[in-house]
Each structure stands twice: as structure tokens, then as C-alpha cells.
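Single-letter residue listing:
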Amino acid sequence: MTARTRTRPRSRRAVRPRRGKLFSTRDLRRPEVIGVVVAAAALAALPFLIDVGDVASEAQDWLVRTTGLGIFILAFLSVAGGWALSHRLYEERAHFARQATGVAALSLFAWGALGLNDADWSLGEVNFREVSLGGHIGQGLVSGVAGMLAWVSLLIIGMALLFPRATRWLAVHIPHGFQFAWERRWPHRVAAGAGRGIAGTAIFLFHRPEREPEEGEASIGLAGLRERLDAVGAGSHETEPRIYRPSFDPAAPSSALGAGAAAKFGRSFPAEPEQPEPPDAAVSAPEDEGDPGAPTQLGFALGRPAWQFPAIELLNAPQISPSRKHDNAARAQLIVDTLASFGVDAAVVEVNEGPTVTQFGVEPGWEVRYKEHALKDPAGKAIIGGDGRTRSERVEVSRTRVRVNRITALQNDLALALAAPSLRIEAPVPGRAIVGIEVPNDSATVVTLRHVMESKEFQDLARKSKIALALGKGVSGTPVVADLGKMPHLLIAGATGSGKSVCMNSIIAGIMMNASPDEVRFVMVDPKRVELTAYSSIPHLAFSEVIVDMDKVVGTLQAVVSEMEARYKKFESVGVRNLEMYNRHPRVLKKLPFWVFIIDELADLMMVAPFEVEKLLCRLAQLARATGIHLVVATQRPSVDVVTGLIKANFPTRIAFAVTSQTDSRTILDMGGAEKLLGRGDMLYMPTDAAKPIRIQGVYVSDAEVERLVDFWTDERFRELAPETADDLLEKALIAQNGGEEIEFEEDDPIVRKARQLAGQHVRVSPSLLQRRLRVGYVKAQKLIDILEEEGIVGPREEGESRRVLQQTAEDGLA
């Protein structure tokens, strides 16, 4: 019997699973656990060390700036790649590689297309106008000629890889299509048709021959004809003249007015007839055949001539601001540090950079007073420190605002710290709780008249007033405009070279750009004979000349006073109080224009006849506003004997350019400040509704711009439209100034013979020459010139006062 082999049963401990703790200290000491803990601690500490929000925002901006909207293309590629991996498409390597390469090529092509688009969109802090919709990567894909070729190649490669059959079909049939079209001359026909269309459009726009209107039709159209007939039938008492647009292209070189004149046209309006015309004459065709290619004047359907405004392109375009060398942030910090060094607590809260100066808005701080207070223990004894001294603490006793005069007293110290030639402090700035420190810029920006006239502020004012003024730009760069009708008179003062004459030219040019001679008339007095004589031939003049002789100044003032009194009588006859109400009255057939009386140098007038000039100026300033007569008076010597208290009281609106002393500034503005101006158009403007003057950089009008404006208004097409002058008023005033009797000369009068002899000795004669040689007054000298003109000895009046001698006289031969 064999022995039974007995197997030892397994221990239950070996079968059962090992029981114990899930995590032991030995597991926590493993390297991977320690690494995870350190990384988590570092991430948790990041919000305490850096501003995570700013970092995330900067990272987002960098990502958007780099990729643009291409980030969505990357997201699409990521989703497509994940989908391909989940479906194991990579197992077919050749097919997967072709499809993946094609998708990548088309994605890069789309990314490059985004790089060509500079839309004005924003994402976060990034503006795509700067980096394009494709970001820097999209711009790089299409930069240069090689980049554009590679970008187009991506489309071809992508299409060939993804759609091989369609691409092959297009590659085969497109050349055949071009050949088929070329053989049938389709491109030639399209080009010929386009050429005929362009030519027809050009003829229609630029060369519109006059034709006889058909029955029931006028050249302005049926609707326009009915509207005009209704207006004529209702009478000509319209409250406002209607504005019409020219029916031709102003820039067309084929117009009968010439390319130069046509380029000047802007908007137009019909001239106002003195009497209402019958309806039959209103729609009749003009009798003058003229050039059939000439553009039709406004009011052509009514047979009425029309004024036309000059285009804004006659003025110089705005200039680009020069690059600034200064750093406003550094200068603001320097102002704060300089004030702090003198114990003045202040802060710069705003910076306004203008064309000439930069205004730093300084907010005064607090002046705090402290007191040392000894520390004591609970027993009331002083606490002694380790150094044996009594311990103490500073306790705030009072807190008061820093006084404004402490800042203004440091004006010279601030100018020294900023290395500025001059510095002006406006304390406080009107309407704001700051002190304005105006520091000159390194280079001034030229403010052109066109730039201010194109602004919204001026356009809104020009719709309401025909005598709107474009003054310039303020210290913050905003345009400053004003209405001469609300001033109602303007006094200008400034030293030589400060910009006073340029300001006068800008006022005249601005009014000429927006008003016709039927709306605004000028009376100009120029004792210097060189500043305003350029306007001697414009149709806006109320008199036939610019007054340059001092003997005629008092008579001119008296003539303007007579016009004012005549207007008041007209107002009384219809029962109105001012010019605006008179022009809107239904009984008024002919509207009265504004008169702008401009005197270039008041000092010369006050030297010749101070009493008469002051009396007449003050009377005009007191009474002429309601009649639409406004004064613009300038002087380069604002002393008390020129700008008297009576004159200054009647001129509430004033402009001060750079003057030589604070006394002159106080004379014109009743306060200092003009002596610290920089010149070259830098001025202080004191309107009627402001407590303090406003600093402005005045507009600049060049001589070429003035010449272009004068050439426009003196064109031949306006000769028949020129209104009558008021020379009869001036002649009556001069006769009254001479004694009240009209001067008459006999043919054999000795003084007439002397005038003939004097004319025979010269090539040109003028009233001033006769005044000096014959010892007569201006009125007699002018009368002698008229006699010589009637006898044919001198020619007609030209520019200026002198006349050309046409023939030798018998008296000259006897001499």
C-alpha cells in the first residue's frame, strides 16, 4: 500500500488580499507626488505674487494681435484633427496625408485672405485696423510679391489635393473657354460697350447742350417747374432765399467758364430780384444763345442770374501736426516735483495739448499741520525709549486746502524748471476746479481757415448766421467760432507781427466764403494802404473803393451813420425793430444786407481827427447793432489815448494779441496776460459772455488764398450781378464835411487850368497829387479829376487812386 501523499493546505493569509491603509507615509514621499504638490503650491501662490488678470489680458491681446481671427481657423483644425484621430483615419497614411495637407493649405489661404482685410473691428484691446483681421501671421502670409504668389499657390495646391478631379477639369477646360471667347471677340465687345458707356456718361455730365424744352417740360423738370410756378404765383415774399445746386459738374474742363473758374464752384443760390417777375417770364427760355456747351447759370429756368459760393478747395488744406519732441507725462511729473520742492502739495489731473501750448490742469492738494505728542504709560508717566529719549508720535492738527496764490507765485520757478521761454497760469480755469498751467510746445501747429470751417461747430453756426467767424483753436484743440452779429462789435489789438492783420484777413475771407454781396457788404478803411487794398475790386464793397485817404475817413464814418439812420426809418415804416425782422416782413421786396465796417489802424484815425472819430465810432457802436452794421476795429497801439474809455465801453468783445507791456494788456482786456503770449497768432479772446479771456491759436490765411478768393469774386460772370454801391452817401458826406455846398468849377477857372498843366507834366495823376500841388482839399481834388476825365485828358479809374494821362493839354504846350 503506497503512502498517500498529503498536500499541505495553503495558508488563508496567502489567499486573502493584503489589508492595510490606502495611503502610507512611504507613498507620500514618492517623487511624483512631491512634484505635483510643489507645482500646485506654485500655482496657488501666483495670484498673491502677480496680477493674474492683467497677465491673462496681456496674453489674450498678444494672441489676438498675432493670430487675429485666425485663432478660429486653428480651433477648426484642432477639432478636425481630434475627429480624425478618434476615427483612426491616420491608418491610411497616404490618403490621410493628402487630405491633411489640402486642408492645411486651404486654411492658410483663408488666413492670408483675412490678412488682406483691415476692417475697423476690435477684440479686447486690439484694433484690427492696425494688424488686419489675420493678425501678424495673416499679414506675413501675403506680404510682398513672393508672399502673394505663395498665397495664391496655396489655393491651387489645396484644391488639387482635396478635389483632384474638379481641379483637373478646370485646368483642361478654362484655356479652351478663353480661346472660344477670344475667337468670338467677346472681350472686344465688352470693352467697346464699356467705352461707349463711359463716353456717354462723360458727355451727359460735362457737356450738356441747351435744347428747346418740349411741350409741358422745362429744363428743371416737371416737378421743379410746378414748384417754381407755385412760388412765383404766390409772390416773391419768401422769408429765406432758397438754396439751389448747380446742374453741371464744377470740375469739368469743358465748361465755358474755363477749367480754373469751374473748379471754384460750390453751392449757389438765386439772386434776389428787386421786383417780382410774371409767371410767363419766369419759365421762358433765355434769349441769349451763347455757347451751347456753356454751363447753365442757376435760375436758368426762370431767366434769373445767380451768385455762386466759392468751393472750400480754394483754401489751403489742413496741415499735419509736426512730431512733438516733448513728453507731456515727463513735464507733468516735473511740475508736480517742482511744486513739492517748494512745499506745495498738488497733482496734475489732466493734460490738454493744443496747437501752440499744452495746458496742465493742476489740482491743489492739502496743507496738513502736525503736532508731536509724548507717549505715556497707564500710570501717566512718559515712556522712555532705548536711547533715553521720550517716545512721541505725530498727531494731525489741521488740514486746509493749498491756496491758489501759492501756485501762481511760483510761475517763474516753474518756467525755469520746464525751460520754457514764457509760462501763463490761469487760476482757476473757468468752470473747472483746477489751475491751468500753459506751457509752450516745442513746435507750433498751423491752424488753417479751411480746417476750422470744415468743423461741425462752424458748420452749425454758418447755417444760422451769414457773418460767422472762424477764430482758431483753443488750448485743448477744439475749434473756436463766433457770430459777429452777437458780438456785436469787435476790437482787436496787438503789436507788430503778432498776427493782427492775418486775423483781419481771416475774418474777411471767412465771410466771403459763405455770403454773397447781396447778403454782406464791407466798408474798409486802410490808412497803411497795404493791408486791405487787395480787396478793392470785390463786389462786396459798399463803396467803390477801399478808403485809404485820411481826409475821407470822417466822411466815411458820417456816410455809415447816414445809412444807419436811413435803415431805422425803414424799420419804422414797417413796424419792426431789427434787420432780421425787416428782411422777413412780407411787405419788403428787397432785403437789406449786413454791413461790416473794418478799420485796420485806429491810431492813425485818432491822430488826424480824434474828437470826430471817437464821437462817430461810439454812436455807431451804440446804435448800429439793430440795423445790421457791425464794426471791426484794429490797432497796434492800445494806449489810453487811442482806445479811450468811451470806445472800450462800447466794444464788449475784444481780441488781444501779443503786446509789449502789461499796461497795454490791461488797456485792451482790463487784465494782464497778453504780454505773455507767444505771437504768430497766439491770442486772448474775450467774448461778451465770459468772465475771463480764452486763449486761442488764430487761423492762418495766406496771401495766395486771399488772391484766389478775390479772383473768384471778380470773375467776369459776376459783373452783371454786382449790386449798386453807396457812393452817393459818401459823396454827400464829403460835401457836408467840406462846408455843405457842392463844388462847381468853370471851364476857364484858374485852378482848372493849373490842373490841366499839372496833368501834362506827369504820366499819372491822382487826387493826392492835386491836393499837394494845388493846395486844395480832397473833395475839390476829386472834382478836378472828374473834370479832367470828362475832357479826355485822363483815363478812367483803375485800381488805386491814380489815373493815366491820355493826352497833352494846350496849357502844357503854352507852358
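Since the model is a prediction, treat every value here as computed from it, not as a measurement.

About the thresholds
- Residues numbered from 1 in each chain as written.
- Predicted model: local features only at pLDDT ≥ 70, side-chain atom pairs only at ≥ 80, totals over all residues.
- Heavy atoms only, no water.
- Helix = DSSP H or I, 4+ residues; strand = E, 2+ residues; numbered from the N terminus.
- Buried < 20%, exposed > 50% of the residue type's maximum accessible area, 1.4 Å probe, protein only.
- Contact = heavy atoms within 4.5 Å.
- Areas by Shrake-Rupley, 256 points an atom, 1.4 Å probe, with all protein chains shown as cover.
- Arc of directions from axis to C-beta.
- Pairing = 2+ DSSP bridges.
- Axes fitted to C-alpha atoms, helices over the stretch in contact; angles between N-to-C directions.
- pLDDT = per-residue confidence, 0-100.
- Core = buried A, V, L, I, M, F, W, Y, C linked by side-chain atoms within 4.5 Å.
- Polar contact = N/O pair within 3.5 Å; in protein donor to acceptor, adjacent residues only side chain to side chain.
- Salt bridge = Lys/Arg side-chain N within 4 Å of Asp/Glu carboxyl O.
- Phe/Tyr/Trp six-rings, centres within 6.5 Å; stacked < 30°, edge-to-face > 60°.
- Lys NZ or Arg CZ within 6 Å of the ring centre and 35° of its normal.
- Patch = residues over 30% accessible without salt bridge, like charges linked within 9 Å, V, L, I, M, F, W, Y side chains within 5 Å.

### Considerations on the overall build of the protein chain
(1) Moving on: From N to C terminus, the protein chain includes 32 helices and 21 strands.
(2) Moving on: Burial statistics for the protein chain: of 815 residues in total, 39% are counted as buried.
(3) Moving on: Taking contacts inside the protein chain between residues at least 6 apart in sequence as the whole, the part at least 24 apart equals 66%.
(4) Moving on: Accessible area for the protein chain stands at about 46700 Å²; split by element, carbon and sulfur atoms hold 55% of it.

### Side note on helix H17 (residues 411-418)
(1) Moving on: For H17, the full list of buried residues reads Gln-411, Leu-414, Ala-415 and Leu-418. Down the axis of H17, the sector holding all buried residues measures 100°, keeping them to one side. Of the exposed residues in H17, those oriented more than 90 degrees away from the buried face are Asn-412 and Leu-416.
(2) Moving on: Buried-residue contacts for H17 involve helix H15 (328-341), helix H16 (404-408), strand E9 (424-426) and strand E10 (435-440).
(3) Moving on: Two residues or fewer after H17 comes Ala-419, characterised by a positive phi angle close to 55°.

### A look at the sheet that holds strand E16 (residues 629-635)
(1) Moving on: One open sheet accounts for 9 strands, arranged E12-E11-E19-E18-E17-E13-E16-E15-E14; its pairing is mixed. Sheet topology places strand E12 (479-483) and strand E14 (520-525) at the edges, where each strand pairs with a single neighbour. Across the sheet, the mean angle separating the axes of adjacent strands is 30° when strand polarity is ignored.
(2) Moving on: Judged from the 3 bridges that link them, strand E17 (residues 653-656) and strand E18 (residues 682-686) form a sheet pairing that is antiparallel. For Arg-654, the partnering residue across the bridge sits in E18 and is Met-686.
(3) Moving on: Contacting strand E13 (490-493), E17 and E18, helix H26 (residues 662-669) crosses the sheet at an angle of about 160° to E17.

### Let's talk about unusual backbone geometry
Excluding glycine, residues mostly carry a negative phi; peptide bonds, for their part, are mostly trans.
(1) Moving on: Of note, the amide linkage connecting Ala-427 to Pro-428 takes the cis form, showing an omega dihedral of -10°.
(2) Moving on: Among the secondary structure elements, Pro-428 is positioned in the loop between E9 and E10.
(3) Moving on: Of the consecutive residues Met-487 and Pro-488, the connecting peptide bond is found in the cis state with omega at -10°.
(4) Moving on: With respect to the element layout, Pro-488 can be found in the loop between E12 and E13.
(5) Moving on: With a phi close to 55°, Ala-419 is a non-glycine residue in the positive phi region.
(6) Moving on: Turning to its location among the elements, Ala-419 is positioned in the loop between H17 and E9.
(7) Moving on: Notably, Arg-680 is not glycine yet its phi reads approximately 55°, a positive angle.
(8) Moving on: Structurally, the position occupied by Arg-680 is in the loop between H26 and E18.

### Digging into the sheet that holds strand E6 (residues 357-364)
(1) Moving on: Strand order across the open sheet formed by 4 strands is E5-E6-E10-E9, with antiparallel pairing between neighbours. For this open sheet the edge positions go to strand E5 (346-353) and E9, each flanked by a neighbour on one side alone. Each adjacent strand pair in this sheet contributes to an overall mean axis angle of 25°, direction not counted.
(2) Moving on: Bridge count between E6 and E10: 6 bridges; the pairing is antiparallel. Across the sheet, the residue bridging to Gly-361 is Gly-436, located in E10.

### A closer look at the environment of Trp-111
(1) Moving on: Along the chain, Trp-111 falls in helix H6 (residues 93-115).
(2) Moving on: The buried category is assigned to Trp-111, whose relative accessible area is 6%.
(3) Moving on: For the pair Trp-111 and Phe-72, spaced 39 residues apart in sequence, the C-alpha separation works out to 9.8 Å.

### Thoughts on the confidence of the model for the protein chain
The predicted structure's coordinates, where accompanied by low pLDDT, should not be read in detail.
(1) Moving on: Summary statistics for the protein chain give a mean pLDDT of 78 and a share of 79% for residues scoring 70 or more.
(2) Moving on: Between the elements of the protein chain, mean pLDDT differs from a low of 35, seen in helix H14 (residues 279-283), to a high of 95, seen in strand E15 (residues 594-599).
(3) Moving on: Confidence over residues 1-5 falls short of pLDDT 50; this stretch has 0 contacts with residues more than four positions distant or in other chains.
(4) Moving on: This stretch, residues 11-15, has a pLDDT under 50; its non-local contacts, to residues over four places away or in other chains, come to 0 contacts.

### Observations regarding the nonpolar core
(1) Moving on: In this structure, Ile-492 and Phe-522 are the most contacted members of the largest nonpolar core, which totals 57 residues.
(2) Moving on: Of all the elements, helix H20 (residues 500-514) adds the most residues to this core, at 8 residues.
(3) Moving on: With residues near it in sequence (within four places) discarded, Phe-522 still touches Ile-508, Ile-511, Met-512, Ile-538, His-540, Leu-541, Ala-542, Phe-543, Val-596 and Ile-598.
(4) Moving on: In this structure, Val-554, Ile-599, Ile-629 and Leu-684 belong to the second largest nonpolar core, which totals 52 residues.

### Side note on the side chain of Thr-667
(1) Moving on: With respect to the element layout, Thr-667 can be found in helix H26.
(2) Moving on: In this structure the side chain of Thr-667 is engaged in a polar contact, spanning 2.8 Å, whose partner is the backbone oxygen of Thr-663.
(3) Moving on: The contacts of Thr-667, once residues within four sequence positions are left out, are Pro-638, Ser-639, Val-640, Val-643 and Lys-648.

### Quick look at the pattern of salt bridges
(1) Moving on: Applying the stated criterion across every chain yields a total of 24 salt bridges.
(2) Moving on: Linking Asp-460 and Arg-463 is a salt bridge whose minimum nitrogen-to-oxygen distance equals 2.7 Å.
(3) Moving on: Each of Arg-424, Glu-438, Asp-682 and Arg-695 takes part in one network of salt bridges that share partners.

### Some details on the packing of aromatic side chains
(1) Moving on: All told, the structure shown has 9 aromatic pairs when counted by the stated rule.
(2) Moving on: Aromatic pair Phe-543 and Trp-595: ring centres 6.1 Å apart, planes at 85°, arrangement edge-to-face. One end of the pair, Phe-543, is in the loop between E14 and helix H21 (553-574); the other, Trp-595, is in strand E15, with 52 residues separating them in the sequence. The same class applies to Phe-543 as to Trp-595, namely buried.
(3) Moving on: Taking the centre distance of 5.6 Å and the plane angle of 35° together, the rings of Trp-713 and Phe-718 count as tilted.
(4) Moving on: Trp-713 gets classed as buried once you look at its relative accessible area, which sits at 1%.
(5) Moving on: One cation-aromatic arrangement involves Arg-394 over Tyr-370; the distance from NZ or CZ to the ring centre is 4.2 Å.

### Topic: a nonpolar patch on the surface
(1) Moving on: A cluster of nonpolar side chains, namely Trp-62, Leu-63, Ile-71, Phe-72, Leu-74, Phe-76 and Leu-77, defines an oily patch on the protein surface of about 680 Å² accessible area.
(2) Moving on: In terms of residue count, the dominant contributor to the nonpolar patch is helix H5 (residues 70-86) (5 residues).
(3) Moving on: Counting through the fold element by element, Ile-71 comes out in helix H5.

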